[in-house]
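Survey of secondary and tertiary structure
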Amino acid sequence: MPGARRSLASPVVSGVLCPCGSPHGSAVESGSGGGGSGGGGNAGSSGRSLCEASEQDRRLRALFQKLDVNRDGALCIHDLAVGLGRLGLHRTELDLRKIVKAGDKDLDGQLDFEEFVHYLQDHEKKLRLVFKSLDKKNDGRIDAQEIVQSLRDLGVKISEQQAEKILKRIRTGHFWGPVTYMDKNGTMTIDWNEWRDYHLLHPVENIPEIILYWKHSTIFDVGENLTVPDEFTVEERQTGMWWRHLVAGGGAGAVSRTCTAPLDRLKVLMQVHASRSNNMCIIGGFTQMIREGGPRSLWRGNGINVLKIAPESAIKFMAYEQIKRFIGTDQEMLRIHERLLAGSLAGAIAQSSIYPMEVLKTRMALRKTGQYSGMLDCAKNILAKEGMAAFYKGYIPNMLGIIPYAGIDLAVYETLKNTWLQRYAVNSADPGVFVLLACGTISSTCGQLASYPLALVRTRMQAQASVEGAPEVTMRGLFKHILKTEGAFGLYRGLAPNFMKVIPAVSISYVVYENLKMTLGVDSR
């Protein structure tokens, strides 16, 4: 009986909404979601124009004062628990902590009035994104069929009768809390105003849509597979779409690495052979390679570089999923530090498994014409002359390089992603091609820049036996030698061709990935 028990969310909302029924200070336009019972977009716009700034401030302050139980001018978790309880909205302690954390800009553990207003504005943007993702028909209302479809997308199957119960009645907070109604007018649909009113002070994120649109590690391949693996939604796991994404990503990486292989080989040559006395430039390096072995020599080492994509990606993905379970979380999206921990450990396991292929790749890239007949011949020669230990030269700097690369790449990408979502995401979490490519390029570049000295030392250690008369040195000894003879600049030999390949590698891998997705039947929503 919706009429008997009115929505207990409305006393809170009435303190935020002006008479025209729109939230104050919102940077979000009505869009199609506002076409429900709250009136048309034009009516809402004209109503908002009549609201004075002082009236907005008064109403928001009235709500703030209702929630400020101890009257100290700031909202702590206790204030929110008691204040919202008095207004009939019961939230768990975890929900309240999320609210405070999301709005607490000065990190004092509470929200002052300005932080509270900013939180409401940012929060409404997220609510708009969730509403739009649920509104499959794009008619400004959510009905039972749309709830069934949306939950099915998340891997939860319910009947239409159960969906109608969700529309009719939702129990908030604790199980003993009062019942509140989201569908206030009993129409078995929810419009934007009802949705916003109900969820106004409840933490929310459009996690599935963000996961779908903001894949990073799977799409972009710059030759170094050290990034933290992407998350997959429950739907992608259950429908088997995850392996299609991985196959598409592997194929894109193969094409991307093949197209940029000449720059990658030049980077390896400059890392190993360039010095103050042998100042190798880009044009000179290409000329030297072609003169020594012809145009085909530009692709030396590319075969093994492409071949290692499949085992490395598969091992890293499986290890990542197992580590996530080990650290005790089954959330769809991990926190940053959890992703970094799980991703770094998974990367270390994958790299340890395929590291001999890394050594082979370096030796094949540095070989002279006629030195080896192929990959197997190269492996046999190394094993016969240097022993099994040679396949793990440079292993320690390689492992140490995972943390700065994966950490900075992830941090920069997440920062750029969240900045875009907060500032520009209105009706969808889809950033578009240009934004996605820009974020991927910048984060990969920053990650490579941070870990490059370790990558250079790793390559030189891998190549030691292939340079005649080269003494066996440790990682520490090699760092000291480079700094002493070449200075800090010596740790960045080959950086120019490495950076030159980032933009074409990212662009090529994205285009190929999108085409392979369509071929494999992956739905791009």
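The text that follows walks through the structure, step by step, so that each part is easy to find. All residue numbers refer to positions counted from 1 along the written sequence of the respective chain. Only residues with pLDDT of 70 or above have their local features reported here, since the model is predicted, and side-chain atom pairs are shown and tallied only from 80 upward, although totals for entire chains, interfaces and linings are computed over all residues. Water and hydrogen atoms play no part in the side-chain values, which are based on all heavy atoms of the structure.

**A short note on the overall build of the chain**
On a plain count of helices and strands, the chain comes out with 23 helices and 4 strands. For the exposure calls, accessible area comes from a 1.4 Å probe over protein chains only, and a residue counts as buried if that area is under 20% of its type's maximum, exposed if over 50%, partly exposed in between. Burial status across the chain gives 51% buried among its 525 residues. Note on definitions: a residue-residue contact is assigned when non-hydrogen atoms from the two residues lie within 4.5 Å. Taking all contacts inside the chain whose residues are at least 6 apart in sequence as the whole, residues at least 24 apart take part in 72%. Working note: accessible area of the chain is about 24500 Å², and carbon and sulfur atoms make up 59% of it. The numbering of helices and of strands both runs from the N terminus, where a helix is a DSSP run of H or I of at least 4 residues and a strand a run of E of at least 2. A 1.4 Å probe and the Shrake-Rupley method give the accessible areas. Residues count as covered only by the protein chains that appear here.

**Quick look at a nonpolar patch on the surface**
For patches, a residue must show more than 30% relative accessible area and have no salt bridge; joins then use 9 Å for like charges and 5 Å for nonpolar side chains, namely Val, Leu, Ile, Met, Phe, Trp and Tyr. Note on definitions: salt bridges are taken to be side-chain nitrogens of Lys or Arg within 4 Å of carboxyl oxygens of Asp or Glu. Residues F326, I327, L341 and L345 make up a contiguous nonpolar surface patch of roughly 410 Å² in combined accessible area. Tracing the sequence through the fold places I327 in the loop between helix 16 (309–326) and helix 17 (336–366).

**A word on the pattern of salt bridges**
The tally for this structure, following the rule as stated, stands at 11 salt bridges. Its salt-bridge partner being E358, residue K308 comes within 3.0 Å of it at the nearest N-O pair. Of this pair, K308 sits in the loop between helix 15 (302–307) and helix 16 while E358 sits in helix 17, and the two are 50 residues apart along the sequence. Judged by relative accessible area, which is 9%, E358 ranks as buried. The partner of E514 in a salt bridge is K517, and the shortest N-O contact between them spans 3.7 Å. Pair noted here: E514 and K517 are both in helix 23 (residues 502–520), with a separation of 3 residues, about one helical turn. Judged by relative accessible area, which is 22%, E514 ranks as partly exposed. A residue is classified by how much of its surface remains accessible, and K517, at 8% relative accessible area, is buried. What you see here is one network of salt bridges that share partners, running through D264, K267, K361 and K501.

**Some remarks on helix 21 (residues 475–486)**
With 12 residues, helix 21 extends 16 Å between its outermost C-alpha atoms, agreeing within 8% with the 16 Å of an ideal straight helix rising 1.5 Å per residue. When helix 21 is considered as a whole, its buried residues turn out to be L478, I482 and E486. Taken around the axis of helix 21, the buried residues stretch over an arc of 35°, which confines them to a single face. Away from its buried face by more than 90 degrees, helix 21 exposes R476, K480 and K484. In this structure, the buried residues of helix 21 make contact with helix 20 (433–462). Here a helix's expected span is defined as the number of its residues, less one, multiplied by 1.5 Å. The directions from the helix axis to the C-beta atoms are what the arc is built from.

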